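Fold and contact review
Given next are the chains, with one letter for each unit.
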Amino acid sequence: MERRFACTRCAQCCNRAPELELGEAAALADVFVLRLMLRIYSLPRALADFASDLPRDQASAEFYESKRLLSQFAAASWPAKAQRGTVTVDYVQYLSLSVLPLDLGTGTCPALGGDSCTIYPRRPLSCRSVPLHYSRPAVAAARELDAFVATPGFRCETGPDAPLVIASGIADPAILAARSEAAALAQSDQRWKTAIVKAMRAGAHGLPTPREVEASAARGALTASMLGPWRIAEATGLITRDATERLLATQCQLIEQYLRPPSGIATDQALGEMLREYRSAFPA
Ligand code: SF4
Ligand code: SF4
C-alpha cells in the first residue's frame, strides 16, 4: 500500500491547462481564457450495483467515498435508470460545474514558461494535488498514483529516496491541504452553483439545460461561455458589477494578446467569438 513520490519538475504533466473550481476562476482570469465546463458523473444508487474487481471491503470503501465526493462537488443530482444487460440499474446522476481554460492547441498549459510554472505560488488546486486529484477517493490513491507515474514521458521519482506520500492513507501534507481547501471551496461555491443550475433549468443566459448535458454525457463534457455564470454571480450578490466588468476586461486583454499577429493558434475563431461576446456585454 505504501507509495513514494517526488516531482522532478519535468513539466511533462503540464501538457494542457488545468481544470479549475468555479471559485478559483476569478483569480486566474489574467492567465487562462475561461470556459464553463458541464459534465455528468454517474454512480449506482446501491453498493450491490457498483461494478468493481476489488475485494468487497475495498469496493465498499471506494463506493461510499466516491458517493460523498460526488455529492460534495456536484451542483445538482437526480435519479436515473440504465440497462445493464437484462437488468435495470438505479443510478444517481451528478452534475459537475467547473471551469476549463480554452485549449489553445499548443500542447502545453498556457502558464508554462520553458520548463517551469510561471504561476507556481498561485497554481490551481488540481495542480497542487498532483498526482492524487482531490476529487477522487483517497482509498484509491495507490491505484491512481501508479497509473499517473506510469504515463509515458512522465519523469516522477518513486524510488526509496522519494518522500512517502501514501502510508495507511494519503500522507503528503501539501496534497492533504489541497484536498481540504478544495472541499472548503466546493462548499463556498455551492450558492453560485445552485443559482447557475436554476438558470439552466429556466434556459437562461444561453446555458444548456441539465437534460442537454445529460443527453451529451456519452460524448463527453459540454462547455459554455462564462458570461452567464459571471452575470448570475452578480445577480446573486456574490460579486459586484464592477468586478464582473474587471473580469471581462481582463479576459478581453488576454484574448487580444493571444490573437496578436502572428498568432497561428488553432483557436483563433473561438477566441474571436469570445472577444465579441464580452465586448458586446460591456460596450465602451
Ligand atoms: S498551472 Fe502550472 S503547474 Fe498547473 S498545469 Fe499549468 S504550468 Fe503546470
Ligand atoms: S510528470 Fe511527474 S515529475 Fe513531471 S512535472 Fe508532473 S508530477 Fe512532476
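Please read all numbers here as calculations on a predicted model, not as lab measurements. (Residues numbered from 1 in each chain as written. Chains lettered and ligands numbered in written order. Predicted model: local features only at pLDDT ≥ 70, side-chain atom pairs only at ≥ 80, totals over all residues.)

As for the overall build of the protein chain
Secondary structure summary: the protein chain contains nine helices and eight strands in total. With the C-alpha coordinates aligned to their principal axes, the bounding extent of the protein chain is approximately 60 × 50 × 35 Å. Counting all 284 residues of the protein chain, 28% fall into the buried class. Residue pairs in contact within the protein chain that sit at least 24 positions apart in sequence constitute 71% of those at least 6 positions apart. (Helix = DSSP H or I, 4+ residues; strand = E, 2+ residues; numbered from the N terminus. Buried ≥ 20, exposed ≤ 12 C-beta atoms within 10 Å, placed from the backbone. Contact = placed C-beta atoms within 7 Å.)

Remarks on the site of ligand 1
Every residue near ligand 1 is listed here: C14, P18, C109, A111, L112, C117, I119, R123 and C127. Residue composition of the shell around ligand 1, by class: eight nonpolar, no polar and one charged. (Near = placed C-beta within 6 Å. Nonpolar A, V, L, I, M, F, W, Y, C, P; charged D, E, K, R; others polar.)

Points about the site of ligand 2
Every residue near ligand 2 is listed here: C7, T8, R9, C10, A11, Q12, C13, V130, P131, F154, R155 and C156. Taken together, the residues that form the shell around ligand 2 break down as eight nonpolar, two polar and two charged.

Considerations on the sheet that holds strand β2 (residues 34-44)
Across a sheet, paired strands are connected by hydrogen bonds in the backbone, their directions being either parallel or antiparallel. Judged by pairing direction, the sheet is antiparallel, and its four strands sit side by side in the order β3-β4-β2-β8 without closing on themselves. In this open sheet, the two strands that pair with only one neighbour each are β3 (76-84) and β8 (222-225). In this sheet, adjacent strand axes meet at a mean angle of 35° when their direction is disregarded. Examined bridge by bridge, β2 and strand β4 (residues 87-101) share 11 bridges and lie antiparallel to one another. Looking at the pairing, Y41 lines up with Y94 of β4. Sheet contacts for helix α2 (residues 56-73): β2, β3 and β4; angle to β2, the most-contacted strand, approximately 145°. (Pairing = 2+ DSSP bridges. Axes fitted to C-alpha atoms, helices over the stretch in contact; angles between N-to-C directions.)

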